[in-house]
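Listed here are the chains, written in short residue letters.
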There are 2 protein chains.
Amino acid sequence: MNIVLLSGGSGKRLWPLSNDTRSKQFIKIFKTAEGSYESMVQRVYRQILSVDASATVTIATSKSQVSAIHNQLGTDVGISVEPCRRDTFPAIALAAAYLHDVHKISEEESVVVCPVDPYVEQDYFEALSSLGRRAAECSANLVLMGIEPTYPSAKYGYIIPEDKENISQVSVFKEKPDEETAKSYIAKGALWNGGVFAFRLGYVLKRAHELIDFRDYRDLYDKYETLTKISFDYAVVEHEPQIEVMRFGGMWKDMGTWNTLTEAMESPAIGKAILNDACDNVHVVNELDVPVLCMGLKDVVVSASPEGILVSDKTQSSYIKPFVDDIDQQIMFAEKSWGSFRVIDIEEGSMTIKVTLNAGHRMNYHSHERRDEVWTVIAGKGRTIIDGVERSVTVGDVVSMKAGTPHTIIADTALQVIEVQIGLEISAGDKKKLNIPSQVR
Amino acid sequence: MNIVLLSGGSGKRLWPLSNDTRSKQFIKIFKTAEGSYESMVQRVYRQILSVDASATVTIATSKSQVSAIHNQLGTDVGISVEPCRRDTFPAIALAAAYLHDVHKISEEESVVVCPVDPYVEQDYFEALSSLGRRAAECSANLVLMGIEPTYPSAKYGYIIPEDKENISQVSVFKEKPDEETAKSYIAKGALWNGGVFAFRLGYVLKRAHELIDFRDYRDLYDKYETLTKISFDYAVVEHEPQIEVMRFGGMWKDMGTWNTLTEAMESPAIGKAILNDACDNVHVVNELDVPVLCMGLKDVVVSASPEGILVSDKTQSSYIKPFVDDIDQQIMFAEKSWGSFRVIDIEEGSMTIKVTLNAGHRMNYHSHERRDEVWTVIAGKGRTIIDGVERSVTVGDVVSMKAGTPHTIIADTALQVIEVQIGLEISAGDKKKLNIPSQVR
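Residues numbered from 1 in each chain as written. Chains lettered and ligands numbered in written order. Predicted model: local features only at pLDDT ≥ 70, side-chain atom pairs only at ≥ 80, totals over all residues. Heavy atoms only, no water.

Engineer: What am I meant to see in the overall build of chain A here?
Structural biologist: Assigned secondary structure in chain A consists of 10 helices and 30 strands. The globule rule puts the C-alpha radius of gyration for 441 residues at 22 Å, and the 25 Å found for chain A is close to it. Overall, chain A is about 70 × 60 × 40 Å in size when its C-alpha atoms are taken along their principal axes. Sorting the 441 residues of chain A into buried and exposed places 56% on the buried side. Partitioning the contacts of chain A with sequence separation of at least 6, the portion at a separation of at least 24 is 65%. When the accessible surface of chain A is totalled, it reaches about 18,600 Å², and 47% of it is carbon and sulfur. (Helix = DSSP H or I, 4+ residues; strand = E, 2+ residues; numbered from the N terminus. Rg over C-alpha atoms; globule rule 2.2 N^0.38 Å. Buried < 20%, exposed > 50% of the residue type's maximum accessible area, 1.4 Å probe, protein only. Contact = heavy atoms within 4.5 Å. Areas by Shrake-Rupley, 256 points an atom, 1.4 Å probe, with all protein chains shown as cover.)

Engineer: What is the right way to look at the sheet that holds strand 22 (residues 350–357) of chain A in this model?
Structural biologist: In sheet architecture, strand pairing relies on hydrogen bonds along the backbone and comes in two forms, parallel and antiparallel. All names here are of chain A. Here we have six strands laid out as an open sheet, ordered 20-21-22-29-24-27, and antiparallel in their pairing. In this open sheet, the two edge strands, each paired with only one partner strand, are strand 20 (333–336) and strand 27 (398–401). For this sheet the average axis-to-axis angle between neighbouring strands, irrespective of direction, equals 20°. Pairing of strand 22 with strand 29 (residues 415–422), which is carried by eight bridges, proceeds in the antiparallel orientation. Along strand 29, the bridge assignment pairs Thr352 with Val420. (Pairing = 2+ DSSP bridges. Axes fitted to C-alpha atoms, helices over the stretch in contact; angles between N-to-C directions.)

Engineer: Would you mind showing me how to read the relation of the copies chain B and chain A here?
Structural biologist: Note: a rotation about an axis with an accompanying shift along it relates these two copies of the chain. The two copies are related by a screw operation: chain B maps onto chain A through 180° of rotation and 0.0 Å of translation along the axis, at an RMSD of 0.1 Å. Look at the turn and shift together and you get a two-fold axis relating the two. Proximity to the rotation axis, assessed at the C-alpha, singles out Ile344 of chain B in chain B; its C-alpha lies 2.9 Å from the axis. Interface overlap between copies is the fraction of interface residues in one copy that are interface residues in the other; for chain B against chain A it reaches 100%, indicating a shared surface. (Least-squares fit on C-alpha atoms with pLDDT ≥ 70 in both.)

Engineer: Would you mind showing me how to read the packing of aromatic side chains here?
Structural biologist: Pairs of aromatic rings are described using the distance from one ring centre to the other and the angle between the two planes. Residues and elements named next belong to chain B. Under the criterion given, the structure shown has 24 aromatic pairs over all chains. Arranged with centres 5.2 Å apart and planes meeting at 70°, the rings of Tyr156 and Trp252 form a pair that is edge-to-face. Remark: Trp252 occurs in strand 13 (residues 252–254) and Tyr156 occurs in the loop between strand 8 (142–147) and strand 9 (158–161); sequence separation between them is 96 residues. Take Tyr156: its relative accessible area is 10%, and that puts it in the buried class. (Phe/Tyr/Trp six-rings, centres within 6.5 Å; stacked < 30°, edge-to-face > 60°.)

Engineer: What should I look at first to understand the pairing of strand 20 of chain A in this one?
Structural biologist: Along any regular strand, the residues point their side chains to alternate faces of the sheet. All names here are of chain A. When strand 20 meets strand 21 (residues 339–347), the two strands line up antiparallel, connected through four bridges. By the bridge assignment for strand 21, Glu335 is matched with Ser340. Here strand 20 folds back onto strand 21 in antiparallel fashion, the turn holding two residues.

Engineer: Could you clarify how one ought to interpret the interface of chain B and chain A in this entry?
Structural biologist: With 52 residues of chain B at the interface, the matching set in chain A holds 52 residues. Of the roughly 4,100 Å² buried at the junction of chain B and chain A (both faces included), carbon and sulfur atoms supply 69%. Ranking the residues of chain B by area buried against chain A places Leu293, Met295 and Ile309 of chain B at the top, with a combined share of 17%. Where chain B touches chain A, the interface holds four salt bridges. Residues Asp345 of chain A and Lys354 of chain B are paired through a salt bridge, measuring 2.7 Å at the closest nitrogen-oxygen approach. In this assembly, chain B and chain A are joined by 18 residue pairs in polar contact (both at pLDDT 80 or more). Ranked by residue count, the leading element in the side of chain B that touches chain A is strand 19 (residues 308–313) of chain B, at six residues. With four bridges connecting them, strand 19 (residues 308–313) of chain A and strand 17 (residues 292–295) of chain B associate as parallel partners. Residue Leu310 of chain A lies in a different strand from strand 17 of chain B, and its bridge partner there is Leu293 of chain B. (Buried area = accessible area lost by both parts, 1.4 Å probe. Salt bridge = Lys/Arg side-chain N within 4 Å of Asp/Glu carboxyl O. Polar contact = N/O pair within 3.5 Å; in protein donor to acceptor, adjacent residues only side chain to side chain.)

Engineer: Whenever I open this one, the sheet that holds strand 22 (residues 350–357) of chain B confuses me. Can you help?
Structural biologist: All names here are of chain B. With antiparallel pairing, the six strands of this open sheet are ordered in space as 20-21-22-29-24-27. Both edges of this open sheet fall to strand 20 (333–336) and strand 27 (398–401), since each of them pairs with a single strand only. On average, each strand axis in the sheet is inclined to that of its neighbour by 20°, with strand direction left out of account. As paired elements, strand 24 (residues 372–379) and strand 27 share four bridges and run antiparallel to each other.

Engineer: Which parts of the structure should I look at to understand the packing of helix 1 (residues 40–51) of chain B against helix 4 (residues 122–137) of chain B?
Structural biologist: Residue and element names in this part refer to chain B. At a minimum axis distance of 9 Å, the contact between helix 1 and helix 4 shows a crossing angle of 60°. Viewed along their axes, helix 1 and helix 4 adopt a mutual orientation that is oblique. Between helix 1 and helix 4 the crossing geometry is right-handed. Contacts between helix 1 and helix 4 involve Val44, Gln47, Ile48, Ser50 and Val51 on the former and, on the latter, Gln122, Phe125 and Glu126. (Parallel < 35°, antiparallel > 145°, perpendicular 65-115°, else oblique. Left-handed = near helix turned anticlockwise from the far one by under 90°.)

By themselves these figures say nothing about function.
Below is the structure:
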């Protein structure tokens, strides 16, 4: 199976766990059989490989997610990097060109495109595999997955099939309806559109060449910024008369909101939490070091992270986005390719952060114009390069850097540093990347 | 008016705002006419002085609260310091001896004893003043305040008066009843016992000398630890046949629980908070720097502090104590006579705290056996004494202290320091107080 996972979105709907620099698909929230936690992307990747160990998995995503994907999935997974966001048609076209030109997949082979964030069981991936086989064999140009609806949702698009067979021609597509209209669709045998498309690789490449002037993957990548934003539905699906839909009746939840996310949690709490007996259908996800005590709540989700605290009725939680858009705030933590950082104190004239570097990683060599910095190493061993001079550091060592001083730190083992920034104009933008002088490189 | 305010209790019922080192009466939670916030003790003190500017106010409390009282009320207020906790009879006896021997109050003058935490208006203090005048004039040995009940509460003791006059003889006292019994008391004209006693000073001194063998205030203070714990009700009130009760029909709320505390809040939120329109009767007290977002909640209190996060149905919040008793955790912040500290990061092998010193204050000169410390000054000016050597410090200065090194910091202006503690056995107990060498004293 060739499978392309579409991994996009900023994940504001899962604030305060996700933010501009940490997408929801990387939050470790699902308990594994071994008792540890895995993220959406880890869960989906593991499930695909357990259904088809030889699957070619490609993640279509933006540059900013590449290091998180490598951290969580290793380097075997293929990544089709979108230089910028251009909606699903350019993203799928780029991934198709990547599979053809980089992975040398033949135009006759089928490809399944699927969102990265459904919460599903193995049977879903078995269905994707069938979908791929069908797309390779049948005369239709597209094979879609139609999910059997469990309630008249206003959140999904609907596919009305021509008949009630397992595989059927599509009669008509319907945009997200209101609840009443949804009921009438379901009465006519409509299925949810799960955003899954299977096709022969050559079909999508042909459509792409019709709509975009490009030679090959490299060329498409280079001109990606010039492409028009358009969805795969509008650009391809709506114009294609030869479409089949395959029914899927298994468990399927989309993980877009707190409401659906908490339904997928195995225990009522992740992190330090106390729920008294009077709590009913309460879920807590607490990433802070201090406890959350819940008493007498019903149908409530509580989530606390260094970014903030959400306390919401579960149904109401789907309306979170405009409120989060209005929260204009310092990013309080972020995962990076080299490790992570967390802001632990902000004062007028200073900011204190904890920096965690993974073993073998380093910061860029850089300087700041308008702040001094002091590092105190609290864990691990490494080396600093300050103004061209390399020095070994270990727990308890202190390094002071005046504004303007070039500096970096290299983690020989996993390394933690408390960094005190001092200055009246501290900003993320005040950072000049430099080359390490050749004598210490 | 001579008034003694009883200020006790650890305030676990208002977790996470109050804790073992910060009592509820010092939390600034009430909005003043000027728009700033004042604490329970500040509010009550201000109200007393506005009713009677010449009132002699004495706060009966433990040693640990003295600096907080001076910080919040200044040094004009009298403090009867209890060397340890011995319940209300020893506390009132000590305060009475303090008024007689230190303030030279005559035995004929009346004294009113009142808890520090009722949420009331001016009329309450006018009533206390009447109570004091009545106690000075009447033949009864005790005059109590009886609060007209607004509902059959199971949280208060009841006083059943002999008649319905404003001032009446007490027929009988009743312990906290269940709700049904409370209804029957109220049908008989019962009043809530507000814990307020007025008496002539000589009366309580006489009782005290009968029950405790002591000469004067100093002697009683010195033997305070040897006294038996007993309440004023058991030791005095129950044995006194000559008791009057005076009705009070004004606003009265006791601030013991989140439920009653939030009733007294003028706005739904203190600190960074967003409540959507679907919230109903929701209160937020947020002491963190990050926002709390509440959606679709009803009758809920949310409080966040460096100690933890409470999310509770308001009625349920009265059952908080056993849950807080079970939370065994590092104290994350505390107010001290010299300023305050807040733990901002805890790792295996290190702890990082922010220390704020008030201008003119200093830490004790001390050393630690099992941890190194690094200070980075982030605000203000002062001096350090490290191993007997004094040095000026200002913003950006860094001081490293190995385990065993005697050290202190003196704030010439308000001063803030990030302190990184490094060691595998960090504990509050690892602190040796030292004398500053004479040459730098």
